[in-house]
Amino acid sequence: MPRRSPRPGKGETVAATYGIADLAREFDVTTRTLRFYEDEGLIAPERQGQKRIFSARDRVRLKLILRGKRLGFSIGEIREIINLYDAPPGEVGQIRFFLDKIRERRAALERQRDDIAATLDELADVEARCTTQLRDLGKRHS
DNA sequence: TTTCTCACA
DNA sequence: TGTGAGAA
């Protein structure tokens, strides 16, 4: 649960903030991971003295980061993508950029799939040769 | 509890 | 792409 600013005045905006442990709990990551993401420039929580104060906005970014991770994007790619959300919203260029990223990822996965298929074929070949060899050796001794 | 740094997989 | 330890 978010902590709220202490004693907000009448009509004052109550900005929800979160401690590092709050977010770690909520998203089931370690506090260590959150500091790591900050080092990588994925999030930029404010500081109150030494402590990190995460805003609702940081929370949203974290959500995006974790989604990107599930999609198989690298830290660098995630950084590029979520930084788009800072700029003016709904830019056509941003959507195109995101589409590019998706297509790149799909292409990479397809390449991997083809590599795996090729490797499986080669393994089958080797296996067949070995089996034959073994059988021939057996004949010779009988 | 949280911070940082260094080492490690 | 993270984790663990140690010290402040």
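Criteria and cut-off values
- Residues numbered from 1 in each chain as written.
- Chains lettered and ligands numbered in written order.
- Predicted model: local features only at pLDDT ≥ 70, side-chain atom pairs only at ≥ 80, totals over all residues.
- Heavy atoms only, no water.
- Near = heavy atom within 4 Å.
- Polar contact = N/O pair within 3.5 Å; in protein donor to acceptor, adjacent residues only side chain to side chain.
- Helix = DSSP H or I, 4+ residues; strand = E, 2+ residues; numbered from the N terminus.
- Nonpolar A, V, L, I, M, F, W, Y, C, P; charged D, E, K, R; others polar.
- Buried < 20%, exposed > 50% of the residue type's maximum accessible area, 1.4 Å probe, protein only.
- Phe/Tyr/Trp six-rings, centres within 6.5 Å; stacked < 30°, edge-to-face > 60°.
- Pairing = 2+ DSSP bridges.

Asks: Explain the protein's contact with DNA strand B here, please?
Replies: Every residue lining DNA strand B is accounted for by Ile20, Ala21, Arg32, Arg35, Arg47, Gln50, Lys51 and Arg52. Restricting attention to atoms of DNA strand B within 4 Å of the protein, one finds that 85% of them are sugar or phosphate atoms. One of the side-chain nitrogen or oxygen atoms of arginine 35 is found 2.9 Å away from a phosphate oxygen of DNA strand B. The side chain of arginine 52 places a nitrogen or oxygen atom 2.4 Å from a phosphate oxygen of DNA strand B. Elements that contribute at least two residues to the surface near DNA strand B include exactly helix H1 (20-27), helix H2 (31-39) and strand S4 (51-55). Looking at the surface near DNA strand B residue by residue, the class counts come to two nonpolar, one polar and five charged.

Asks: Quick question: what am I supposed to make of the environment of glycine 41 here?
Replies: As for its position among the elements, glycine 41 is in the loop between H2 and strand S3 (46-48). With relative accessibility at 37%, the residue glycine 41 sits in the partly exposed group. Placed 35 residues apart in sequence, glycine 41 and glycine 76 show a C-alpha to C-alpha distance of 9.3 Å.

Asks: Would you take a moment to explain the protein's contact with DNA strand C for this structure?
Replies: Residues in contact with DNA strand C, as listed here, are Thr30, Arg32, Thr33, Phe36, Tyr37, Lys69, Ser74 and Ile75. Sugar plus phosphate: this is where 54% of the atoms of DNA strand C within 4 Å of the protein reside. One of the side-chain N or O atoms of lysine 69 is found 3.4 Å from a phosphate oxygen in DNA strand C. Note that a phosphate oxygen of DNA strand C is positioned 3.1 Å from one of the backbone N or O atoms of isoleucine 75. Looking at which element gives the most residues to the surface near DNA strand C, the answer is H2, with four residues.

Asks: Would you take a moment to explain the packing of aromatic side chains for this structure?
Replies: Think of a pair of aromatic rings as described by two things: how far the centres are apart, and how the planes are tilted against each other in angle. Scanning the model with the defined rule gives one aromatic pair in all. A ring pair is formed by phenylalanine 36 and tyrosine 37, whose centres lie 6.0 Å apart and whose planes are at 45°; its orientation type is tilted. Accessibility expressed as a relative area gives 37% for phenylalanine 36, which makes it partly exposed.

Asks: Help me out: how do you make sense of the pairing of S4 in this one?
Replies: Looking along a regular strand, one sees side chains alternate from face to face of the sheet. Pairing analysis gives two bridges linking strand S2 (residues 16-18) to S4, with the strands arranged antiparallel. By the bridge assignment for S4, tyrosine 18 is matched with phenylalanine 54. Relative to S4, S3 runs antiparallel, the two being bridged by three bridges. Bridging from a neighbouring strand, glutamate 46 pairs with isoleucine 53 of S4. Taken together, S3 and the strand that follows it, S4, pair antiparallel across an intervening segment of two residues, in which glycine 49 is found at a positive phi of about 70°.

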